[in-house]
Amino acid sequence: MSITAGVLPAADRRRIAALADRSDDALGVRLLRGTPTNEARSEEHLTDLSRRATSFGAALADRASGAPAAITVVERDGGLAQGGLLARYGSREHRVELFTDTVDFCEHLVDELGWRSWFPAGSVQAAAVEHERAHHLVTVDRSRDLRAALGLEVLRIGRFRRFGTVAGADEVAAHAFAARSVRLGRSPLLLTAAAQAALATRTGARRAPTTREN
Ligand SMILES: [Zn+2]
């Protein structure tokens with residue numbers, strides 16, 4: 001599919017660029033609110049959950065810094081045809097599929113929106129891989145830590161406590177992990193939201209440039 005950035009109508013470009021007025025926290029809340037099972041949670045609770053997931057992801061990136069990736073990255077085409085799929089982690093073989101057409105689309109979009117100081121050249125691919133590495137680390141042995149960090153206690157018997165999962169929190173954490181690992185000026189949540197809006201403008205597509213786990 002030949003979708004390239006660089007031809008956004010001015011009104012669309014201004015509208016999409018205005019996403020940057022929202023804080024990374026607000027974009028995390030937006031992601032959580034759009035994830036099924038979170039509809040009934042209050043704005044305050046979602047804000048708290050977003051911040052907790054962000055702190056968890058950033059701290060995990062600090063601990064994982066310099067460690068071998070332990071994942072295989074395979075480059076593919078065809079991400080735009082799948083609604084703007086950027087990368088996908090397969091937990092069975094610890095493999096990341098990286099969709100280079102979506103990477104290129106996002107890189108061009110960064111230029112078009114004037115966001116290069118936040119997302120340096122080449123950082124889209126680096127951030128996508130780091131995002132998936134976060135999913136890998138959480139999947140392998142940090143899922144309980146993430147639940148504990150979110151603090152949603154579902155059971156307490158004496159000193160024993162069990163924490164529940166929060167849909168979408170792993171996504172917020174993975175974006176924070178990537179932002180910290182790649183030293184981005186803003187969370188990839190912002191670029192993902194912009195790419196979603198840009199693709200919707202061109203194709204009428206409803207699905208976001210995103211990452212996917214299976
Ligand atoms: Zn993800």
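Shown above is the structure to which this text applies.
A brief structural summary. A quick note: this is a predicted structure, and the numbers were derived from the prediction, not measured.

### So, the overall build of the chain
Next up, step 1: Summing up its helical and strand segments, the chain has 7 helices and 6 strands in all.
Next up, step 2: Secondary structure elements of the chain, listed N to C terminal, follow the sequence α-α-α-β-β-β-α-α-β-β-α-α-β.
Next up, step 3: Compactness check: the chain gives a C-alpha radius of gyration of 17 Å against a globular reference of 17 Å for 214 residues, within 12% of the reference.
Next up, step 4: Per-residue burial for the chain yields a buried fraction of 46% across its 214 residues.
Next up, step 5: Of all intrachain contacts in the chain linking residues separated by at least 6 positions in sequence, the fraction that spans at least 24 positions is 68%.
Next up, step 6: Element-wise, carbon and sulfur atoms account for 50% of the exposed surface of the chain, whose accessible area totals about 10500 Å².
Next up, step 7: Taking the average location of the 30 positive side-chain charges in the chain and that of its 26 negative ones, the two points are 5 Å from each other.

### Focus on unusual backbone geometry
Next up, step 1: Residue His 94 is not a glycine yet carries a positive backbone phi of 50°.
Next up, step 2: Examined against the element boundaries, His 94 turns out to sit in the loop between strand E2 (85-90) and strand E3 (95-99).
Next up, step 3: Phi is positive for Arg 183, close to 60°, though the residue is something other than glycine.
Next up, step 4: Position of Arg 183 among the secondary structure elements: in the loop between helix H6 (169-182) and helix H7 (188-203).
Next up, step 5: A residue is classified by how much of its surface remains accessible, and Arg 183, at 62% relative accessible area, is exposed.

### Digging into the packing of aromatic side chains
Next up, step 1: As enumerated under the stated definition, the model contains 2 aromatic pairs in all.
Next up, step 2: Ring centres of Trp 115 and Trp 118 lie 5.8 Å apart, and the angle between their planes is 50°; on these two criteria the pair is classed as tilted.
Next up, step 3: For Trp 115, a relative accessible area of 3% corresponds to the buried category.
Next up, step 4: Residues Trp 115 and Phe 119 carry aromatic rings whose centres are separated by 6.4 Å and whose planes lie at 40° to one another, so their mutual orientation is tilted.
Next up, step 5: Here a set of aromatic residues connected by ring pairs shows up, and it is made of Trp 115, Trp 118 and Phe 119.
Next up, step 6: It is Arg 186 that lies over the ring of Trp 118; its NZ or CZ is 5.4 Å from the centre.

### Structural notes on H6
Next up, step 1: Taking 1.5 Å of rise per residue, 14 residues should cover 20 Å, and H6 covers 20 Å from first to last C-alpha, within 8% of that figure.
Next up, step 2: Burial of H6 is extensive: 10 of the 14 residues sit out of reach of the surface.
Next up, step 3: The complete set of buried residues in H6 reads Ala 169, Glu 171, Val 172, Ala 173, Ala 174, His 175, Ala 176, Phe 177, Ala 178 and Ala 179.

### With respect to a nonpolar patch on the surface
Next up, step 1: On the surface, Val 154, Leu 155, Ile 157 and Phe 160 cluster together into a nonpolar patch covering about 370 Å² of accessible area.
Next up, step 2: Here Ile 157 is to be found in strand E4 (residues 153-157).

### A short note on the pattern of salt bridges
A side chain of one charge can pair with a side chain of the opposite charge if their charged atoms are brought near each other.
Next up, step 1: The final tally for this structure, using the stated rule, is 16 salt bridges.
Next up, step 2: For Asp 48, the salt bridge is made with Arg 52, and the minimal N-O distance between the two is 2.9 Å. Here Asp 48 and its partner Arg 52 are both found in helix H3 (residues 43-64), 4 residues apart, which amounts to about one turn of the helix.
Next up, step 3: Among the residues examined, Asp 48 registers a relative accessible area of 34% and is labelled partly exposed.
Next up, step 4: By relative accessible area, which is 34% here, Arg 52 ends up partly exposed.
Next up, step 5: Put simply, Asp 141 and Arg 142 hold a salt bridge, and the shortest N to O gap is 3.8 Å.
Next up, step 6: Three or more residues joined by partner-sharing salt bridges are found here, namely Arg 76, Arg 88 and Glu 97.

### Observations concerning the pairing of strand E5 (residues 160-163)
Next up, step 1: As defined by bridge partners, E4 adjoins E5 across 4 bridges and the pair is classed as antiparallel. Looking at E5, one finds that Glu 153 is bridged to Phe 163.
Next up, step 2: Between the end of E4 and the start of E5, which pair antiparallel, lie 2 residues, with Gly 158 showing a positive phi angle near 60°.

What counts and how
Residues numbered from 1 in each chain as written. Predicted model: local features only at pLDDT ≥ 70, side-chain atom pairs only at ≥ 80, totals over all residues. Heavy atoms only, no water. Helix = DSSP H or I, 4+ residues; strand = E, 2+ residues; numbered from the N terminus. Rg over C-alpha atoms; globule rule 2.2 N^0.38 Å. Buried < 20%, exposed > 50% of the residue type's maximum accessible area, 1.4 Å probe, protein only. Contact = heavy atoms within 4.5 Å. Areas by Shrake-Rupley, 256 points an atom, 1.4 Å probe, with all protein chains shown as cover. Lys, Arg positive; Asp, Glu negative; His and termini not counted. Charge placed at Lys NZ, Arg CZ, Asp CG, Glu CD. Phe/Tyr/Trp six-rings, centres within 6.5 Å; stacked < 30°, edge-to-face > 60°. Lys NZ or Arg CZ within 6 Å of the ring centre and 35° of its normal. Expected span 1.5 Å × (residues − 1). Patch = residues over 30% accessible without salt bridge, like charges linked within 9 Å, V, L, I, M, F, W, Y side chains within 5 Å. Salt bridge = Lys/Arg side-chain N within 4 Å of Asp/Glu carboxyl O. Pairing = 2+ DSSP bridges.

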